Amino acid sequence: MAETFHLLLHGFSIALTPFNILWGFTGVVLGTFIGVLPGVGPALTVAMLLPLTVKLDPTGALIMFAGIYYGAMYGGSTTTILLNTPGESASIATALEGNLMAKNGRAGPALATSAIGSFVAGTIATVLVTMLAPLVIEVALKFGPAEYFALMVFAFTTVSAVIGSSTVRGLTSLFLGLFLGTIGIDSQTGQSRFAFGVPELLDGIDVVVLAVGLFAVGEALYVAAYSSRLEEKIEQLKGSLWMSKEDWKRSWPAWLRATVIGFPFGSIPAGGAEIPTFLSYATERKLTKYPQEFGNGAIEGVAGPEAANNASVTGALVPLLTLGIPTSATAAILLSAFQNYGIQPGPLLFQSQADLVWGLIASLYIGNVLLLILNLPLVGIWVKVLTIPLPLLYAGILVFATLGAYSLHQSAVDLLTLYIFGLLGFVMRRWDIPVAPAIIGLILGPLAETQFRRALAISQGDLSVFIKQPIAAAVLAVSALLLIIPLVFRLVRRV
Amino acid sequence: MKAKPAELIISFAVVALGAAVAVGTTRLSGAGGYARIGPNAAPAVVAGGLILLGLWLLYEALSGGWRNALPDSPEARGEHPFHAGAFVWVSVGLFAEMLLIDRAGFVLAQAALFACVARGFGSTRPARDSAIGLALGLGVFLFFVKFLNVNLPAGWLKPILGTAGI
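(A) Layout of the overall build of chain B. Along its length, chain B carries six helices and zero strands. Computed over the C-alpha atoms, the radius of gyration of chain B is 24 Å, more than 25% above the 15 Å expected from 2.2 N^0.38 for a compact globule of 166 residues. Referenced to the eigenvectors of the C-alpha coordinate spread, the extents of chain B come out at roughly 60 × 55 × 20 Å. Classification of the 166 residues of chain B by burial places 46% in the buried group. Residue pairs at least 24 apart in sequence account for 49% of intrachain contacts in chain B once pairs closer than 6 positions are excluded. Of the charged side chains in chain B, 12 are positive and 8 negative, and the gap between their average positions amounts to 9 Å.

Here it is, written out as structure tokens:
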């Protein structure tokens, strides 16, 4: 524990250099600005801002990303509360009460409880990450390829089959991503797979192109086709921005409970922030002394889900940093940012790149503080952003989104790929096929394949290695149960 | 109830993709080295998975429709009916950008994209949109080229932009 504290202090000494503070600050402001744009969730924000960091040193770039990551989430909640258009599934619970509060002229306190709640939950969760990461690493260092493969299968199952409205559609999305992951040169034998002689495909499909295609181009096509001709209603910021004494009294227990709910969901690879936000909403609804306010804008209903979202998103950094396993679309894009610098997150990273990891963790604390002091005073500016007319807004989003995809290889072929993924995103959105599993499948699929082949190389091709290693076997068994139990339940119910 | 054409098409497309991957897999080399599996193992799993999932989707489509699907009527989803013009204009913008970017350069390509997408979203002021697109494209171009040292094509504007860009 003392050693961890020492490492963290060292991290602060890195994160607090003037340039790194500047990068963190830039990240928070840009992340919030882009995150506020309706229809732009955190995953797309991170993907769109990735090209900005190409020339930075890895530490500076990742510190900036930590800022973008948090800023995007905060910006997203602002939009959710004022416009009732949740940019991602984890914001739906916030939209329930948050938008009603705004309608009742209490937008200020709603934004305040969401900002302060995010700060409280984010900071506690960061403390938990700081303490938990070294422990996970102790265990992870003993893992072999079989255990890693099993954990990745577990992550696949939770992100595709457990959350979302349909197991089969989630799995379809996952396998689509796995297929895209096989395109390009096989890392072990150098053989090209499914590249059809197109040189641009030999390097494989970039996660940024897929994410921007599905989220930005697909979303633009969908909104243009189905809701560009609707009237929009932005709730005005009326009355005081500050929370009353009673608001405080009702908010802080909700923040703390939500942190307890949210963090574990993020830190075991259990698929995203959607479930904990709804769990927190349900908990607050049950525990409140003002049940009549739920459905009319109850402050606990905003405080809880927002804090749960932040705690879970921060918790997701534990599997990402210590095991290299992303559990959300945003984490998948962060992983690709690491890979762009030739860094593979995992237990060894904490030894080989201690400066980078602890600088990053320290910058999470700083990012949370920056968000708190920046955003409440600046909320007026963010509200202005929301008044940009829809045609200019989406035109601008596409200018930046395509720029990100183009600047990867300066190739117009990437723009064609982007459009194809845009069409795919349109179809997936319209027929309710989730996109996050495809993005996670694309980046995690090749890693899982590598671990699988390594495990078999060690066992000389003996498949029973996955059953003989107790940890691997247990994790695989749990994954299988998660997949099978809901199906059995459905069959039993029908009989 | 009759099965919905869109659900059938998507289900078949997933099966077809799985079949195509399966065919492609047979052309890859197999077992190699100590692992006794080669680069064709993962594609084979993917092919099998896609075919099975496609059949599962097909089964759902034929037995009462996909479960928990979104309502078919746009009104029930809180949207307006499919606006083909909007869809086409956004697509035209993206293709214009694709064709222009290597020839006319980044700034003009982004201006064209901006104007077309704005048109698709119902803007009726093409001159204003083009001007904003031009300014935005130029700003981004200069920021990337001068500040971030990322090269972007100057294209037809090379005489004006001078040494910036490629």
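(B) Up close: the interface of chain A and chain B. The partner chain B presents 75 residues to the 69 residues of chain A that form the contact. A per-residue breakdown of the area chain A buries against chain B is headed by Val168, Tyr226 and Arg229 of chain A, which together make up 10% of the total. Inspection of the region where chain A meets chain B yields one salt bridge. Notably, a salt bridge pairs aspartate 72 of chain B with arginine 430 of chain A, separated by 3.0 Å at the nearest N-O pair. Our enumeration of links across chain A and chain B arrives at 19 residue pairs in polar contact (both at pLDDT 80 or more). Among the elements of the structure, α8 (167–182), β2 (192–193), α10 (207–226), α18 (390–409), α19 (412–430), α20 (436–458) and α22 (470–494) of chain A are those that each provide at least two residues to the side of chain A that touches chain B. Ranked by residue count, the leading element in the side of chain A that touches chain B is α18 of chain A, at 13 residues.

(C) Expanded view of the packing of helix α5 (residues 92–103) of chain A against helix α6 (residues 107–140) of chain A. Residue and element names in this part refer to chain A. Where α5 contacts α6, the two axes come as close as 7 Å, and the packing angle between them is 145°. In contact with Gly98, Met101 and Ala102 of α5, α6 contributes Ala107, Pro109 and Ala110. Taken together, the residues that form the contact of α5 with α6 break down as five nonpolar, one polar and no charged.

(D) View of helix α17 (residues 354–386) of chain A. Residue and element names in this part refer to chain A. Taking 1.5 Å as the rise per residue, α17 with 33 residues should run 48 Å; its terminal C-alpha atoms sit only 40 Å apart, a clear shortfall. By the largest-angle criterion, valine 379 marks the main kink of α17, which is about 60°. Counting buried positions along α17 yields 24 of 33 residues, so the element is predominantly enclosed.

(E) The arrangement of the pattern of salt bridges in detail. Taken as a whole and assessed by the stated rule, the structure comprises 16 salt bridges over all chains. Lysine 4 of chain B is the partner of glutamate 7 of chain B in a salt bridge, and the nearest nitrogen-oxygen pair spans 3.8 Å. Since its relative accessible area comes to 24%, lysine 4 of chain B is described here as partly exposed. Look at the salt bridges and you will find they share partners, linking Asp186, Arg193, Glu449 and Arg453 of chain A into a network.

(F) Examining the packing of aromatic side chains more closely. Scanning all chains against the criterion turns up 22 aromatic pairs over all chains. Geometrically, the ring pair formed by phenylalanine 143 of chain A and tyrosine 148 of chain A is edge-to-face, given 6.0 Å between the ring centres and 85° between the ring planes. Taking the relative accessible area as the measure of exposure, phenylalanine 143 of chain A reaches 17% and is therefore buried. An aromatic cluster is defined as three or more aromatic residues linked by ring pairs; in this entry it consists of Tyr222, Tyr226 and Phe426 of chain A together with Phe82 and Phe87 of chain B. The residue whose ring lies beneath arginine 430 of chain A is tryptophan 431 of chain A, and the NZ or CZ to ring-centre distance is 4.8 Å.

(G) Seen up close, the confidence of the model for chain A. Confidence in the prediction of chain A, expressed as mean pLDDT, is 87, and 98% of residues score 70 or more. When pLDDT is averaged over each helix and strand of chain A, the minimum, 82, is found for helix α9 (residues 199–202) of chain A and the maximum, 95, for α8 of chain A.

(H) Fine view of unusual backbone geometry. Residues and elements named next belong to chain A. The backbone of glutamine 410 sits at a positive phi, close to 50°, despite the residue not being glycine. Positionally, glutamine 410 belongs in the loop between α18 and α19. Positive phi, normally seen in glycine, also occurs at aspartate 432, with a value near 55°. Relative to the helices and strands, aspartate 432 is located in the loop between α19 and α20. You can call aspartate 432 partly exposed: its relative accessible area is 22%.

(I) Region of interest: the environment of leucine 415 of chain A. Looking at the element boundaries, leucine 415 of chain A is found in helix α19. Linking leucine 415 of chain A and aspartate 57 of chain A, residues 358 residues apart in sequence, is a C-alpha distance of 27 Å. Look past the residues within four positions of leucine 415 of chain A in its chain and what remains in contact with it is Thr402 and Tyr406 of chain A together with Glu97, Met98 and Ile101 of chain B.

(J) Geometry of the nonpolar core. Among the nonpolar cores identified, the biggest contains 208 residues, and Phe338 and Tyr394 of chain A are the most heavily contacted of them. If one sorts the elements of this core by residue count, α17 of chain A sits on top with 19 residues. Residues contacting tyrosine 394 of chain A, with those up to four places away along its chain left out, are Pro38, Gly39, Glu219, Ala220 and Val223 of chain A together with Val117 and Phe121 of chain B.

(K) Layout of the side chain of glutamine 110 of chain B. Positionally, glutamine 110 of chain B belongs in helix α4 (residues 106–120). Ignoring anything within four residues of it in the chain, the contact list for glutamine 110 of chain B reads Val399, Thr402 and Leu403 of chain A together with Glu97, Ile101 and Gly137 of chain B.

(L) Summary view of the packing of α5 of chain A against helix α12 (residues 274–287) of chain A. Where α5 of chain A contacts α12 of chain A, the two axes come as close as 8 Å, and the packing angle between them is 40°. Mapping the contact onto sequence places Ile92, Ala93, Leu96 and Glu97 of chain A in α5 of chain A and Thr277, Phe278 and Tyr281 of chain A in α12 of chain A.

(M) Just helix α5 (residues 126–147) of chain B, in detail. All names here are of chain B. Between its terminal C-alpha atoms α5 stretches 30 Å, which fits the 32 Å expected from 22 residues at 1.5 Å a residue. Among all positions of α5, only Asp129, Gly133, Gly137, Val140, Phe141, Phe144 and Val145 are buried. For α5, the angular spread of buried residues about the axis comes to 115°, placing them on one side. For α5, the exposed residues lying more than 90 degrees away from the buried face are Ala127, Ala135, Lys146 and Phe147.

Conventions and cut-offs
Residues numbered from 1 in each chain as written. Chains lettered and ligands numbered in written order. Predicted model: local features only at pLDDT ≥ 70, side-chain atom pairs only at ≥ 80, totals over all residues. Heavy atoms only, no water. Helix = DSSP H or I, 4+ residues; strand = E, 2+ residues; numbered from the N terminus. Rg over C-alpha atoms; globule rule 2.2 N^0.38 Å. Buried < 20%, exposed > 50% of the residue type's maximum accessible area, 1.4 Å probe, protein only. Contact = heavy atoms within 4.5 Å. Lys, Arg positive; Asp, Glu negative; His and termini not counted. Charge placed at Lys NZ, Arg CZ, Asp CG, Glu CD. Buried area = accessible area lost by both parts, 1.4 Å probe. Salt bridge = Lys/Arg side-chain N within 4 Å of Asp/Glu carboxyl O. Polar contact = N/O pair within 3.5 Å; in protein donor to acceptor, adjacent residues only side chain to side chain. Axes fitted to C-alpha atoms, helices over the stretch in contact; angles between N-to-C directions. Nonpolar A, V, L, I, M, F, W, Y, C, P; charged D, E, K, R; others polar. Expected span 1.5 Å × (residues − 1). Bend = angle between axes of the 7 residues up to and from the residue. Phe/Tyr/Trp six-rings, centres within 6.5 Å; stacked < 30°, edge-to-face > 60°. Lys NZ or Arg CZ within 6 Å of the ring centre and 35° of its normal. pLDDT = per-residue confidence, 0-100. Core = buried A, V, L, I, M, F, W, Y, C linked by side-chain atoms within 4.5 Å. Arc of directions from axis to C-beta.

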